[in-house]
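Survey of secondary and tertiary structure
One-letter residues, chain by chain:
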Amino acid sequence: MKRYSFLELAKNAFSAHQNWGRQWRAPEPKAEYDVVIVGAGGHGLATAYYLAKEHGIRNVGVIEKGWLGGGNTGRNTTIVRSNYLWEESAALYNHAIGLWQNLSQDLNYNVMYSARGVLMLAHTVHDVQSAQRHIHANRLAGVQNEWLTPEQAKEYCPPLNISRNIRYPVMGGALQRVGGTARHDAVAWGYARGADALGVDIIQNCAVTGIRRTPDGAVEGVETAKGFIKAKKIGVVTAGHTSVVMSMAGLRLPLESFPLQALVSEPVKPAFPCVVMSNTIHAYISQSDKGELVIGAGTDQFVSYSQAGGIHITNHTIDAICELFPHFRRMRMLRNWGGIVDTTPDRSPILSKTSVPGLYVNCGWGTGGFKATPGSGHLFAHTIAKDEPHPINAPFTIDRFKTGRLIDEAAAAAVAH
Amino acid sequence: MLLIYCPYCQVKRAETEFHCGGEAHIARPSDPSKTTDEDWVDFLYTRSNIKGVYAERWRHIHGCGRFFNAVRDTVSDDFLKFYKAGEPMPDLNALAAEAGK
Ligand SMILES: Cc1cc2nc3c(=O)[nH]c(=O)nc-3n(C[C@H](O)[C@H](O)[C@H](O)COP(=O)(O)OP(=O)(O)OC[C@H]3O[C@@H](n4cnc5c(N)ncnc54)[C@H](O)[C@@H]3O)c2cc1C
Ligand SMILES: [Zn+2]
């Protein structure tokens, strides 16, 4: 792997940046891998990277039906935070926050993690109480989160409208300073490049169409568009398509897939310093380094794989944005799009072994898994390599729906983010 | 925005008049105390989440207020059939074949 550095940059300037070379190979699949990862989103690629880097398992194939990072990884609004309610979640999301700090250095790839702060607004007495509860729970669990009055919120985010006469006046907000954003594509590309350099094969444009099992039930390999590939272990990381892929092994899951939308404005000069979210009126917004306002809407109410949501859903979000930030009223929106998110009944992910020997699943991140990408890959690699979960992801089993030990993050995840 | 037919009101209306109630024909265990944990999981949480033709519940909240069922292709979002609650699940494969899905 060619290491990126200031010197390389200077050197390549002399050849007009024409000779940088490929960032990863485009290999044909081998006949057999120790581990096959299905899905080359951020979570799948991170899993492959940590399998190779931390567990010495380098005979790994990542099989992707489209192009890498073309799923929710390349469609999300890139918010990173860890102020969830329960201790299990605090440990899980904080694990990722820890890895974000040095991810660019670790990958030798600028993922543009920017801890610009995530401010979650409260508009009702109930919101204030639930935000305070989160702040107290977070403090006990070692997660950064603090309360701002409306005036402090305005100081932190000057475009915010805190006048008392709007439909849902701002009554304060919970601020996580270590939260922020990262460049979604760069995360996928950085992990892809890092994994490839360690020997991982990334096979794009190759859908997995079946999971073959031996007579004793264990996994044998995957059927793909490029033929059968033998595998000792299979990790499924296919977000909105998890039910489809897992049904190939005869498993049914507690998942529903919904379209979730986002949109961006025309690019403008830096005008928005942080991330602002509101659960109650369902809106969230930040500004990308390119200058676009990045705005996230909600999910449609029905299961769909259409990868396009209803326009009334985005309208609803835009209404809220215009009331909270009146000076954005005349902004033009450039693009909007949808992704298919896999939601669980308790809005917490599943990172787990399954009842099929050799088959592992990492799913249920729903509307909010980008923030967890490094941690999710790190823990899932451990789970696959050791055939047992890491203590941090041990509570996030499929079994919790039977034992009743749900990790209910419906409030923390009420707004899609 | 979907266009939905209410089989009670017998009108087509915009999706915003309706609330989706999720997968249809999931029967509540008839003898709760004899029901195993696995069967409770199936009833409460497990969903087929089909990519393709699928039966789901809708409620006409801003109309008659009643529940009914619909068959929809979750890839194109086209509806293939609407029917009243209590009617048996139609043959999904036949409906799909008929619609060329
Ligand atoms: C509009 C939107 C906004 C969001 N905003 C945020 C946010 O602000 N913050 C946040 O934390 N999260 C957010 N999320 C959620 C986040 O994007 C996801 O949780 C996360 O990116 C999931 O990553 P992944 O790698 O698991 O999935 P993906 O990136 O979707 O990767 C799954 C891959 O599996 C592939 N695949 C599927 N089926 C097959 C098959 N049969 N064979 C081979 N490959 C297959 C797909 O093509 C895809 O590339 C948002 C999501 C959306 C849609
Ligand atoms: Zn009606």
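Residues numbered from 1 in each chain as written. Chains lettered and ligands numbered in written order. Predicted model: local features only at pLDDT ≥ 70, side-chain atom pairs only at ≥ 80, totals over all residues. Heavy atoms only, no water.

The name an unreviewed UniProt entry gives chain B is Sarcosine oxidase subunit delta, with Roseibium aggregatum as the organism.

As a reminder of what qualifies: UniProt positions are given in the numbering used here, feature names are shortened, and annotations may be inferred rather than shown by experiment.
Where an unreviewed UniProt entry is consulted, chain A appears under the name Sarcosine oxidase subunit beta, with the organism given as Roseibium aggregatum. Taken verbatim from the UniProt record of chain A, the Sequence similarities (unreviewed entry) comment is "Belongs to the SoxB family." Turning to chain A, the UniProt record has this under Subcellular location (unreviewed entry): "Cytoplasm".

1. A short note on the overall build of chain A
To keep things clear, this is the line we draw: Runs of H or I in DSSP of at least four residues are treated as helices and runs of E of at least two as strands, each being numbered from the N terminus. Note on method: radius of gyration uses C-alpha positions; expected globular size equals 2.2 Å times residues raised to 0.38. Pairs of residues are marked as contacts when any of their non-hydrogen atoms sit within 4.5 Å. Values of accessible area rely on a 1.4 Å probe in the Shrake-Rupley scheme; residue burial ignores everything except the protein chains shown. By the counting scheme adopted, Arg and Lys are positive, Glu and Asp are negative, and His together with the chain ends is not counted. By convention, the point assigned to a charge is CZ for Arg, NZ for Lys, CD for Glu and CG for Asp.
What chain A contains, in helices and strands, is eleven helices and 18 strands. Compactness check: chain A gives a C-alpha radius of gyration of 21 Å against a globular reference of 22 Å for 417 residues, within 12% of the reference. The long-range share in chain A, meaning contacts at least 24 apart out of those at least 6 apart in sequence, stands at 76%. As presented, chain A carries roughly 16,600 Å² of accessible surface, and 53% of it is formed by carbon and sulfur atoms. When the 40 basic and 33 acidic side-chain charges of chain A are each reduced to a single mean position, those positions are 4 Å apart.

2. Topic: the UniProt feature "domain: Rhodanese" (unreviewed entry) in chain A
In the numbering adopted here, UniProt assigns the feature "domain: Rhodanese" (unreviewed entry) to residues 35-79 of chain A. As a span, residues 35-79 of chain A carries 31% helix and 20% strand, and end to end its C-alpha atoms are 30 Å apart.

3. Structural notes on the interface of chain A and chain B
Here is the rule: A 1.4 Å probe defines the accessible area here, and the buried area is the portion of it lost by two parts on being joined, summed over both. By definition, a salt bridge exists where a carboxyl oxygen of Asp or Glu is found within 4 Å of a side-chain nitrogen of Lys or Arg.
Taken together, the contact pairs 24 residues of chain A with 26 residues of chain B. Here chain A and chain B share an interface that buries about 2,000 Å² over both sides, 53% of which is from carbon and sulfur atoms. Along the contact surface separating chain A from chain B lie one salt bridge. Measuring nitrogen to oxygen at the nearest pair gives 3.2 Å for the salt bridge that ties Glu38 of chain B to Lys402 of chain A. Elements supplying a minimum of two residues to the side of chain A that touches chain B: helix H8 (242-247), strand E12 (256-265), helix H9 (311-324) and helix H11 (400-403) of chain A.

4. A closer look at the domain arrangement of chain A
All names here are of chain A. What counts is decided by this rule: Where a domain begins and ends is set by an automatic assignment or by a domain database. Any pair of N or O atoms that falls within 3.5 Å is considered a polar contact. Within protein, one atom must be able to donate a hydrogen and the other to accept it, and sequence-neighbouring residues count only if both atoms are side-chain atoms. Here the term charged refers only to Asp, Glu, Lys and Arg, the term nonpolar to Ala, Val, Leu, Ile, Met, Phe, Trp, Tyr, Cys and Pro, and the term polar to all other amino acids, Gly among them.
Split into domains, chain A comes out as domain 1 (28-109 + 183-254 + 346-412) and domain 2 (118-180 + 257-343). Here the C-alpha centroids of domain 1 and domain 2 sit 27 Å apart. Listed by partner, the interface residues are 32 residues for domain 1 and 35 residues for domain 2. Together domain 1 and domain 2 conceal approximately 2,600 Å² of surface at their shared face, both sides included; 55% is due to carbon and sulfur atoms. Applying the counting rule to domain 1 against domain 2 returns twelve residue pairs in polar contact (both at pLDDT 80 or more). For the side of domain 1 that touches domain 2, the secondary structure elements donating two or more residues are strand E3 (79-80), helix H3 (87-101) and H8. Examining the composition of the side of domain 1 that touches domain 2, we find that five residues originate from one element, H3, more than from any other. Residues of the side of domain 1 that touches domain 2, tallied by class, amount to 14 nonpolar, 14 polar and four charged.

5. Overview of helix H7 (residues 184-197) of chain A
Residue and element names in this part refer to chain A. Defined as follows: Multiplying one less than the number of residues by 1.5 Å gives the expected span of a helix. Burial status follows relative accessibility: with a 1.4 Å probe on protein chains alone, a residue under 20% of its type maximum counts as buried, one over 50% as exposed, and anything between as partly exposed.
Look at H7: 20 Å from first C-alpha to last across 14 residues, which is about the 20 Å you get at 1.5 Å a residue. Of all 14 residues in H7, twelve are buried, a share of seventy percent or more. When H7 is considered as a whole, its buried residues turn out to be His184, Asp185, Ala186, Val187, Ala188, Gly190, Tyr191, Ala192, Arg193, Gly194, Ala195 and Asp196. Remark: Gly199 follows H7 within two positions and exhibits a positive phi of approximately 105°.

6. Brief notes about the sheet that holds strand E6 (residues 79-84) of chain B
Residue and element names in this part refer to chain B. Condition: What makes two strands pair is DSSP finding at least two bridges between them. Comment: axis = line fitted to C-alpha atoms, over the contacting stretch for helices; angle = value between 0 and 180 degrees taken between N-to-C directions.
Judged by pairing direction, the sheet is antiparallel, and its four strands sit side by side in the order E3-E4-E5-E6 without closing on themselves. Here the strands that pair on one side only, and so sit at the sheet edges, are strand E3 (19-23) and E6. This sheet shows a mean twist of 30° between the axes of neighbouring strands, independent of strand direction. Pairing analysis gives five bridges linking strand E5 (residues 67-73) to E6, with the strands arranged antiparallel. Looking at E6, one finds that Val71 is bridged to Lys81.

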